[in-house]
Amino acid sequence: MFKSSFFYAALLIYPALVGCSSAATDTNGQTGEAGTPVTITHIANDSLEESVELNATSVFQLKTFIKANATGYLQTVHAQVGKFINKGEEVFTIKTKEAEALGNTINALDSSFRFTGIIHIRCPGSGYVTTLNYKAGDYVQDGEQLAVVSEKSSFVFLLYLPYELKPYLADNKNVVLRLPDGTQLNGYTASLMPSVDAASQTQGIAIKVNTGEQIPEGLIAKVAFVKKLKTNARTLPKAAVLTDEVQSRFWVMKLIDSTTAVKIPVQKGLENNNRVEILSPIFSPEDKILLTGNYGLADTAKVMIIP
């Protein structure tokens, strides 16, 4: 009877002993619950700019119209669409019907006179032939348009700038244009159009580019128009800065010890695609800010740093 009572008492005491042992283990931190895996980053000094991306279209501002200066037949045509022609280069020759008839008569009377009646038409400027209206043998009238040459020196990218951005124009005299194929060209503001589009309230700006390559007319390039620039901004990666649903409040999660992260409200400044300027509070380079694993964490959350 005594042995049986001792056995039942031992059964009642054992779970309590196990529970105490487990609690002690948790108190010593040996089997505590693991925190959320996170990675960390630090504050850094960077150059940041606030810019707006605008479109600029390539155009030839000056087009030269080559016209016939007599009525007759085109004897030769040295132009081709897309061909580059230098100033003073012969483009067309014309021979009138009268010259054809008189020339044979005059040469028969005096062969030393060497009358041909050929009229030479030369290009008044250097550029690319963009329009060619006639071919050799065609009959043309005096003053008729034979070809159109786009002056190479008049090539620009025309950017239509919203008028409210004009105060920033002085800081954007030199710009970088990005073409659809990824090519980047350095350009500078050459002139402003003297009028504003009534509907869009934009003003045309001619941007000259420094390149020897032939760029087709009508090509659209992207131009980053800088509004603000800071050369020594204190920044964090964009992923480290959290916000609410309406993006009215911003905060970061900062480690206060090896396993605890707290919520720190911040005030943002400039930002780009990768980094955000932190105006306040002032973080030190030693402060550990959560970079990943920070989304949805409560204040004083338990975390575990991973490489």
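Residues numbered from 1 in each chain as written. Predicted model: local features only at pLDDT ≥ 70, side-chain atom pairs only at ≥ 80, totals over all residues. Heavy atoms only, no water.

Peer 1: What am I meant to see in the sheet that holds strand 8 (residues 127-132) here?
Peer 2: Sheets are built from strands paired through backbone hydrogen bonds, the pairs being either parallel or antiparallel. Pairing is antiparallel across the open sheet formed by four strands, whose spatial order is 3-10-8-5. Each edge of the open sheet carries a strand with a single partner, namely strand 3 (63-67) and strand 5 (84-85). Pairing geometry for strand 3 and strand 10 (residues 145-151), over five bridges, is antiparallel. Across the sheet, Ile66 pairs through a bridge with Ala147, a residue of strand 10. (Pairing = 2+ DSSP bridges. Helix = DSSP H or I, 4+ residues; strand = E, 2+ residues; numbered from the N terminus.)

Peer 1: Mind showing me how you'd approach the nonpolar core here?
Peer 2: Within soluble globular proteins, side chains that are nonpolar generally end up buried alongside one another. Within the largest apolar cluster, 21 residues are counted, with the highest numbers of intra-cluster contacts made by Phe157, Leu159, Leu161, Leu177 and Ile207. Breaking this core down by element, the ones donating at least two residues are strand 2 (44-60), strand 11 (155-162), strand 12 (174-178), strand 14 (202-209) and strand 15 (220-237). With four residues, the single largest contributor to this core is strand 11. Those residues in contact with Leu161, other than ones at most four positions away along the chain, are Leu54, Lys166, Leu169, Gln201, Thr202, Gln203, Ile205 and Phe225. Leu74, Val91, Val129 and Val149 belong to the second largest nonpolar core, which has 16 residues in total. (Core = buried A, V, L, I, M, F, W, Y, C linked by side-chain atoms within 4.5 Å. Buried < 20%, exposed > 50% of the residue type's maximum accessible area, 1.4 Å probe, protein only. Contact = heavy atoms within 4.5 Å.)

Peer 1: What's the story with the sheet that holds strand 9 (residues 139-140) in this structure? I'm lost.
Peer 2: Spatially, 7-6-4-9 is the arrangement adopted by the four strands of the open sheet, whose pairing is antiparallel. Among the strands making up the open sheet, the edge pair consists of strand 7 (118-122) and strand 9. Pairing analysis gives four bridges linking strand 4 (residues 72-77) to strand 6 (residues 90-95), with the strands arranged antiparallel. Bridged to Tyr73 within strand 6 is Lys95.

Peer 1: Could you clarify how one ought to interpret the pairing of strand 13 (residues 184-196) in this entry?
Peer 2: Both faces of the sheet carry side chains from a regular strand, because those side chains alternate between them. Pairing geometry for strand 12 and strand 13, over five bridges, is antiparallel. Within the sheet, the bridge partner assigned to Arg178 lies in strand 13 and is Gln184. Taken together, strand 12 and the strand that follows it, strand 13, pair antiparallel across an intervening segment of five residues, in which Gly182 is found at a positive phi of about 95°. Relative to strand 14, strand 13 is paired through six bridges, and the arrangement is antiparallel. Its bridge partner being in strand 14, Gly187 is matched across the sheet by Val209. The hairpin turn running from strand 13 into strand 14, its antiparallel successor, is five residues long, and Gln201 in that turn takes a positive phi close to 55°.

Peer 1: What is the right way to look at the packing of aromatic side chains in this model?
Peer 2: When we look at a pair of aromatic rings, we describe it by the centre distance and by the angle of the planes. Considering all chains together, one arrives at five aromatic pairs under this definition. Centroid distance Phe60 to Tyr128: 6.4 Å. Interplanar angle 55°. Geometry classified as tilted. Separated by 68 residues along the polypeptide, Phe60 in strand 2 and Tyr128 in strand 8 bring together distant segments of the chain. Assessed through its relative accessible area of 14%, Tyr128 is described here as buried. Arranged with centres 5.7 Å apart and planes meeting at 80°, the rings of Phe155 and Phe157 form a pair that is edge-to-face. (Phe/Tyr/Trp six-rings, centres within 6.5 Å; stacked < 30°, edge-to-face > 60°.)

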